[in-house]
Amino acid sequence: MAIKVTVWNEYVHEVEEEAIGKLYPKGIHGCIAEFLEKAGMKAHTATLREPEHGLSEEVLNDTDVLIWWGHVAHQEVDDKIVEKVYARVLDGMGLIVLHSGHASKIFNKICGTNTGELKWREVGEKEILWVVDPSHPIVDGLPEKIIIPSEEMYGEYFGIPAPDELLFLSWFEGGEVCRSGFCYHREKGKVFYFRPGHESFGTFYIPEVQQVIINAVKWATPINFPELVRGMVDPIIDFTPSGDFTSVH
C-alpha cells in the first residue's frame, strides 16, 4: 500500500513574490508532492489559507507522514490545528520539518523549547551537507556529502534540544556550520528536521535533496505498533501484596 503523505506549505512567497512563483510554479508543496508521487507515494497538499489550513481531522487521520514548510506566517497557524497535529504525531504520524519550519509552532511544541534562535545570512553561498551517520536509513543511497551551489546560511548555535540522532552537518562558504538533519522520537511518532530549502534557491529540485526527503518519509512512516495500555492495571503475574503501606523509620 502506498505511503500517504500530506505536504503542508504556507504558500505565501510563491503568491506574493513573482520570482519565487516562477521558480516554484506549483508551489513548494507542489514540487515536493510531485517527486514523492514519482517515488510511488500518495501525496496530498495543504496550505495555510485553506479552511483549517487544509489539515482537517479527516486529512490528518488519513496521513502517514506530514511534511511542513513555513517561513513568514508561523503566527497565522491556528493553535487548535497545532494541537491536532501534535496529538497525531504522538499517536504515530511521522513529521518532517523543512528549513525555516524550525521556527514553526509545531516544531517548537515538539522540541519543548524556543527553536527560533540561530545565525542566518541570505546571500546565496555554497553549502556542503556532510553525512555524519552513514548507517541511518535516511542517508540510504546518498553520497558522503551533498553540495548545494546556493543556499541561505543557518549557523550554530541552533537552540534545539540535543537530537536523538544527528545525520547531517553543514558547512557554508562563509565559514559557519550547522546541525542540518536530525531526528527526534515523540511517543509513537518519528520526527525529522532537514535544514536546506530556502524558497528563492530552488533547492528542492536537487536530486540528492529529494532523495533525503523520500528516505525520511519511508523512515517516519508508522509501523504496526504494539497495543499500549496505560493507567491503572491488574498485575501480569499474580502475587500477594503485603498490604503494609506504613513508612518504616
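This write-up is about the structure you can find in this document. All figures in this text were calculated on a predicted structure; none of them were measured in a lab. (Residues numbered from 1 in each chain as written. Predicted model: local features only at pLDDT ≥ 70, side-chain atom pairs only at ≥ 80, totals over all residues. Heavy atoms only, no water.)

1. Let's talk about the overall build of the protein chain
Reasoning step 1: Within the protein chain, the regular secondary structure consists of seven helices and nine strands.
Reasoning step 2: Oriented by its inertia axes, the alpha-carbon framework of the protein chain measures out at about 75 × 40 × 35 Å.
Reasoning step 3: Taken across its 249 residues, the protein chain has 52% of its residues classed as buried.
Reasoning step 4: Carbon and sulfur atoms make up 53% of the accessible area of the protein chain, which totals about 12,500 Å².
Reasoning step 5: For the protein chain, the separation between the mean place of its 22 positive charges and that of its 39 negative charges on side chains is 2 Å. (Helix = DSSP H or I, 4+ residues; strand = E, 2+ residues; numbered from the N terminus. Buried < 20%, exposed > 50% of the residue type's maximum accessible area, 1.4 Å probe, protein only. Areas by Shrake-Rupley, 256 points an atom, 1.4 Å probe, with all protein chains shown as cover. Lys, Arg positive; Asp, Glu negative; His and termini not counted. Charge placed at Lys NZ, Arg CZ, Asp CG, Glu CD.)

2. Here we look at the environment of Thr63
Reasoning step 1: Relative to the helices and strands, Thr63 resides in the loop between helix H4 (57-61) and strand S3 (65-69).
Reasoning step 2: Thr63 sits in the buried class, given a relative accessible area of 2%.
Reasoning step 3: Sequence separation between Thr63 and Ile3 is 60 residues, and the spatial gap between their C-alpha atoms is 8.4 Å.
Reasoning step 4: Side-chain polar atoms of Thr63 contact the backbone oxygen of Val59, separated by 2.7 Å. (Polar contact = N/O pair within 3.5 Å; in protein donor to acceptor, adjacent residues only side chain to side chain.)

3. Here we look at helix H5 (residues 79-90)
Reasoning step 1: Along its twelve residues, H5 runs 17 Å from first to last C-alpha, staying within 8% of the 16 Å computed at 1.5 Å per residue.
Reasoning step 2: Turning to H5, its buried residues number three or more, namely Ile81, Val82, Val85, Arg88, Val89 and Leu90.
Reasoning step 3: In this structure, the buried side of H5 is in contact with H4, S3, strand S4 (94-98), helix H6 (105-111), strand S8 (177-186) and strand S9 (189-194).
Reasoning step 4: The backbone nitrogen of Lys80 lies 2.8 Å from a side-chain oxygen of the residue at the head of H5, namely Asp78.
Reasoning step 5: Once H5 ends, the next one or two residues include Gly92, with phi positive near 125 degrees. (Expected span 1.5 Å × (residues − 1). Contact = heavy atoms within 4.5 Å.)

4. Some words on the pairing of S3
For a regular strand, side chains alternate in direction, first toward one face of the sheet and then toward the other.
Reasoning step 1: Counted residue by residue, S3 has five buried out of five residues, so it is predominantly covered.
Reasoning step 2: Pairing between S3 and S4: five bridges, direction parallel. Across the sheet, residue Trp68 finds its bridge partner in S4, namely Val97.
Reasoning step 3: Since S3 and S4 lie parallel, the crossover through H5 that links them has a hand, and here it is right-handed. (Pairing = 2+ DSSP bridges. Right-handed = clockwise from strand over helix to strand, strands pointing away.)

5. Quick look at the packing of aromatic side chains
Reasoning step 1: Scanning the entire structure with this criterion turns up eleven aromatic pairs.
Reasoning step 2: Residues Tyr24 and Tyr205 carry aromatic rings whose centres are separated by 5.1 Å and whose planes lie at 10 degrees to one another, so their mutual orientation is stacked. One end of the pair, Tyr24, is in the loop between helix H2 (18-23) and helix H3 (27-38); the other, Tyr205, is in the loop between S9 and helix H7 (207-220), and 181 residues separate them in sequence.
Reasoning step 3: Under the relative-accessibility criterion, Tyr24 is labelled buried at 1%.
Reasoning step 4: A relative accessible area of 40% places Tyr205 in the partly exposed class.
Reasoning step 5: Centroid distance Phe168 to Phe194: 5.6 Å. Interplanar angle 55 degrees. Geometry classified as tilted. Within this pair, whereas Phe168 is found in strand S7 (residues 165-172), its partner Phe194 is found in strand S9, the two being separated by 26 residues in sequence.
Reasoning step 6: Since its relative accessible area comes to 0%, Phe168 is described here as buried.
Reasoning step 7: Between Lys109 and the ring centre of Tyr86, over which it is positioned, the NZ or CZ distance is 4.7 Å. (Phe/Tyr/Trp six-rings, centres within 6.5 Å; stacked < 30°, edge-to-face > 60°. Lys NZ or Arg CZ within 6 Å of the ring centre and 35° of its normal.)

6. A few points about a nonpolar patch on the surface
Reasoning step 1: Together, Trp130, Val132, Leu166, Leu169, Trp171 and Val177 make up a nonpolar patch on the protein surface, roughly 450 Å² of accessible area in all.
Reasoning step 2: At three residues, S7 tops the list of elements feeding residues into the nonpolar patch.
Reasoning step 3: With respect to the helices, strands and loops of the structure, Leu169 is situated in strand S7.
Reasoning step 4: Classification of Leu169 as partly exposed rests on a relative accessible area of 31%. (Patch = residues over 30% accessible without salt bridge, like charges linked within 9 Å, V, L, I, M, F, W, Y side chains within 5 Å. Salt bridge = Lys/Arg side-chain N within 4 Å of Asp/Glu carboxyl O.)

7. Focus on the sheet that holds S3
Reasoning step 1: In spatial order, the strands read S2-S1-S3-S4-S9-S8-S7-S5-S6; together these nine strands make up an open sheet with mixed pairing. Lying at the two open borders of the sheet, with one neighbouring strand each, are strand S2 (42-47) and strand S6 (145-155). For this sheet the average axis-to-axis angle between neighbouring strands, irrespective of direction, equals 25 degrees.
Reasoning step 2: Both S4 and S9 contribute to a ladder of four bridges, which runs parallel. Counted as the bridge partner of Leu95 is Val191 from S9.
Reasoning step 3: Strand contacts of H3: strand S1 (4-9), S2, S3 and S4, with the helix running at about 160 degrees to S1, the strand carrying the most contacts.
Reasoning step 4: H7 contacts S1, S3, S4, S6, S7, S8 and S9 of the sheet and is inclined by roughly 165 degrees relative to S9. (Axes fitted to C-alpha atoms, helices over the stretch in contact; angles between N-to-C directions.)

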